[in-house]
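As a plain string of letters, each chain reads:
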Amino acid sequence: MTPMRRLAARVAAVVAIAAVVALAYGLRDRVLDLPLVGPLVAPREPPRAAGTTGDVARPAAPPAAADPRAPVALDRRRQQLVGVRTAAVERGPLTKTIRAVGTVRYDETRLADVNLKVEGWIRDLYVDYTGAAVSQGQPLFSLYSPDLLATQQEYLLALRTRDQLRTSQIADARERAERLVEAARTRIELWDLPADQLRAVEESRQAQTTVTFRSPVAGYVIEKQAVQGMHVVPGQTLYKVADLSRVWVEADVYEQEMPLVRVGQAATVTLDAYPEERFAGRAIYIYPFVQENTRTVRVRFAFANRSGRLKPGMYANVAIEVPLGMSTTVPANAVLDSGTRQIVFVAEGDGYFQPREVRVGQRLAERVQILDGVRSGEQVAVGATFFLDSESQLRASVQSYDAPPAPAAPAGAAGDRLEITFRPQPDPPRTGDNLLDVTVKDAAGQPVADADVSVTFFMPAMPTMNMPAMRAETRLTSAGGGVYRGMGQVMMAGRWDVTVNVDRGGQRVGSRQFAVVAK
């Protein structure tokens with residue numbers, strides 16, 4: 001290894017060690033944050049084995065809570081600085097609007113295909129372009145067909161034969177002639193010869209050289225294959241005609257919203273071409289599969305289109321109003337979603353915000369349905385919630401580490417078993433000056449009247465809110481009977497870690513740690 005590489009490796013090692021040391025010292029000052037319930041009394045420690053010295057050991061820390069968040073306290077000034085706002089939890093009728101993007105389609109039940117059942121040649125073309133509007137019965141083209149011409153002549157021959165045999169005395173001959181006429185007429189009708197032309201053949205007793213074919217429906221020509229003079233064969237499509245008096249809109253609805261969609265639901269459509277208009281329709285069909293590439297289900301809606309303004313191919317915005325009944329809701333920006341859990345910060349007054357897990361239902365544009373976790377009338381944070389969440393998680397991570405043990409008492413002090421009780425007045429303390437009472441008793445329960453007692457308030461730093469750590473120490477004076485009293489200052493609302501130290505003769509003989517929530 002070259003000298004430069006060895007030097008770089010040593011520098012990297014030194015930096016790593018320094019980082020570890022800094023982390024260790026940073027965690028050393030963090031203390032376990034426990035809620036205050038009733039008077040703060042440190043539990044009496046079990047007796048030690050003979051020969052041990054120093055102060056009693058702290059009890060084992062309780063297991064870490066499953067919630068990786070801790071309450072956050074902010075005074076009004078800091079709330080304004082970071083933009084914390086609150087809103088009420090509301091209960092009332094809830095309507096979810098499902099929005100989807102779709103496309104206008106032809107109503108497939110109103111499409112007509114114009115084709116032939118006989119071979120021939122197109123002679124005259126009356127509708128000669130795609131998109132032409134046609135009415136029902138309007139001529140489309142004329143056709144010359146040798147087969148159709150021969151069938152007409154057979155029909156005319158049958159008619160003449162029937163006429164000649166009407167005066168015959170033979171009933172069987174008359175009946176047979178009538179059957180020949182019916183058979184020839186049926187054959188012509190099956191080849192779609194228009195009824196008016198068939199009557200003209202019967203009346204004139206002359207075969208029609210060309211036959212005119214007409215549109216079976218009213219609508220628009222959406223496909224045209226017919227060309228003048230073209231040879232056509234049976235089954236060949238010549239025109240497709242669409243009736244646009246009713247159209248479909250097929251929209252893609254996300255699969256998680258499908259439980260709210262059903263056939264028969266009313267829907268409205270808006271189009272970019274007519275932004276101020278609303279077209280009313282109804283769901284008529286739901287496809288039975290999910291499109292894997294978009295995770296959506298296609299839903300078909302039917303809309304009346306008398307004016308023809310809904311044109312197939314247009315993009316459409318579909319909205320379905322789904323009533324959900326009475327529900328509890330909060331603003332959408334009040335819910336922090338980690339993927340597996342949803343959290344809101346409930347304002348409990350005096351700048352105190354408690355993280356609370358909720359169970360969410362439907363998500364609306366501006367509000368979220370809450371199924372469980374909060375009650376109507378409570379206040380939740382809706383501004384700077386990400387700052388509250390980061391600070392809450394930071395405090396929780398700090399609280400997951402136990403405080404360092406208190407300094408050991410000198411040798412020979414093993415007999416001093418102290419019971420320390422701490423009570424602020426008022427309880428809980430308020431921002432500003434508070435009267436602090438500490439009661440100290442020995443192992444026999446007798447008051448300790450000759451001690452020096454001090455109380456230290458400590459709040460860890462809040463880096464996300466640019467707040468440094470705060471510390472305030474107060475020395476108490478003896479009030480007799482093992483009671484020590486003095487005025488102590490609480491600088492702001494929130495959780496404070498309190499340490500009570502008891503000294504005798506210049507030596508530390510007892511130390512207890514508590515947690516209080518200042519209002």
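Up top is the structure.
None of the values given here were measured: they were computed from a predicted structure.

Turning next to the overall build of the chain. Helices and strands together make up the secondary structure of the chain, namely six helices and 29 strands. Here the chain holds 519 residues, and 42% of them are scored as buried. By sequence separation, contacts in the chain at least 24 residues apart represent 71% of the contacts at least 6 residues apart. On the chain, roughly 27,900 Å² of surface is accessible, and the fraction owed to carbon and sulfur atoms is 52%.

To continue, consider the sheet that holds strand E10 (residues 219-224). The strand order E5-E12-E10-E7 describes an open sheet built from four strands, whose pairing is antiparallel. A single partner strand is all that each edge strand has here, and the edge strands are strand E5 (111-115) and strand E7 (133-134).

On to the pattern of salt bridges. Tallied over the full model, the rule gives 25 salt bridges. For arginine 185, the salt bridge identified is with glutamate 182, shortest N-O distance 3.1 Å. Remark: glutamate 182 and arginine 185 occur in helix H4 (residues 171-190); sequence separation between them is three residues, near one turn of the helix. In this structure, glutamate 378 engages arginine 375 in a salt bridge whose closest nitrogen and oxygen atoms are separated by 3.4 Å. Several salt bridges share partner residues, and in doing so they unite Asp107, Arg110, Asp243 and Arg246 into one network.

Our focus in this paragraph is the nonpolar core. Of all hydrophobic cores here, the largest spans 31 residues; its most connected members are Phe141, Leu143, Tyr155 and Tyr239. Looking at this core, the elements that each hand over two or more residues are strand E6 (120-125), strand E8 (139-144), helix H3 (146-165), H4, helix H5 (195-204), strand E9 (210-214) and strand E12 (237-242). Take this core: its biggest share by element is five residues, from H3. Every residue in contact with phenylalanine 141, bar those within four places of it in the chain, is listed here: Val114, Leu116, Ile122, Asp124, Leu125, Tyr126, Val211, Thr212, Phe213, Leu238 and Tyr239. Membership of the second largest hydrophobic core comes to 28 residues, among which are Ala251, Tyr274, Val299 and Val318.

So, on to the environment of glutamine 291. For glutamine 291, the location among the structural elements is in the loop between strand E15 (274-286) and strand E16 (296-304). Sequence separation between glutamine 291 and glutamate 255 is 36 residues, and the spatial gap between their C-alpha atoms is 9.4 Å.

Axis separation between H3 and H5 bottoms out at 10 Å; the angle between their running directions is 45°. Our classification of the angle between H3 and H5 gives oblique. Between H3 and H5 the crossing geometry is right-handed. Side by side, H3 and H5 meet where Gln152, Tyr155, Leu156 and Leu159 of the first sit next to Leu198, Val201 and Glu202 of the second. Looking at side-chain class alone, the contact of H3 with H5 contains five nonpolar, one polar and one charged residues.

With that settled, consider the sheet that holds E6. Taking strand neighbours across the sheet as the criterion, the four strands line up as E9-E8-E6-E11 in an open arrangement whose pairing is antiparallel. For this open sheet the edge positions go to E9 and strand E11 (231-232), each flanked by a neighbour on one side alone. Strand direction decides the pairing type here: E8 and E9, joined by five bridges, are antiparallel. Paired with serine 142 across the two strands is threonine 212, which belongs to E9.

We now examine the side chain of asparagine 501. Structurally, asparagine 501 is set in strand E28 (residues 494-504). Ignoring anything within four residues of it in the chain, the contact list for asparagine 501 reads Asp452, Val453, Ser454, Arg508, Gly510 and Ser511.

What follows is about H5. The complete set of buried residues in H5 reads Gln197, Leu198 and Val201. Each buried residue of H5 sits inside an arc of 105° when the element is viewed along its axis, so together they form one side. The inward-facing, buried residues of H5 contact H3, H4 and E9. Arginine 205 lies just past H5 and shows a positive phi near 55°.

Between the first and last C-alpha of H3 there are 29 Å, a value that for 20 residues agrees with the 28 Å anticipated at 1.5 Å per step. Taken together, the buried positions of H3 are occupied by Leu148, Leu149, Thr151, Gln152, Tyr155, Leu156, Ala158, Leu159 and Arg162. Buried-residue contacts for H3 involve E8, H4, H5 and E9.

Let us now look at unusual backbone geometry. Of note, the bond from glutamine 425 into proline 426 is cis; its omega dihedral lies within 30 degrees of zero at 5°. Of note, proline 426 is situated in the loop between strand E23 (419-425) and strand E24 (432-441). The amide bond that connects aspartate 427 to the next residue, proline 428, takes the cis arrangement and shows omega of 5°. Residue position: proline 428 is located in the loop between E23 and E24.

Conventions we followed
- Residues numbered from 1 in each chain as written.
- Predicted model: local features only at pLDDT ≥ 70, side-chain atom pairs only at ≥ 80, totals over all residues.
- Heavy atoms only, no water.
- Helix = DSSP H or I, 4+ residues; strand = E, 2+ residues; numbered from the N terminus.
- Buried < 20%, exposed > 50% of the residue type's maximum accessible area, 1.4 Å probe, protein only.
- Contact = heavy atoms within 4.5 Å.
- Areas by Shrake-Rupley, 256 points an atom, 1.4 Å probe, with all protein chains shown as cover.
- Pairing = 2+ DSSP bridges.
- Salt bridge = Lys/Arg side-chain N within 4 Å of Asp/Glu carboxyl O.
- Core = buried A, V, L, I, M, F, W, Y, C linked by side-chain atoms within 4.5 Å.
- Axes fitted to C-alpha atoms, helices over the stretch in contact; angles between N-to-C directions.
- Parallel < 35°, antiparallel > 145°, perpendicular 65-115°, else oblique.
- Left-handed = near helix turned anticlockwise from the far one by under 90°.
- Nonpolar A, V, L, I, M, F, W, Y, C, P; charged D, E, K, R; others polar.
- Arc of directions from axis to C-beta.
- Expected span 1.5 Å × (residues − 1).

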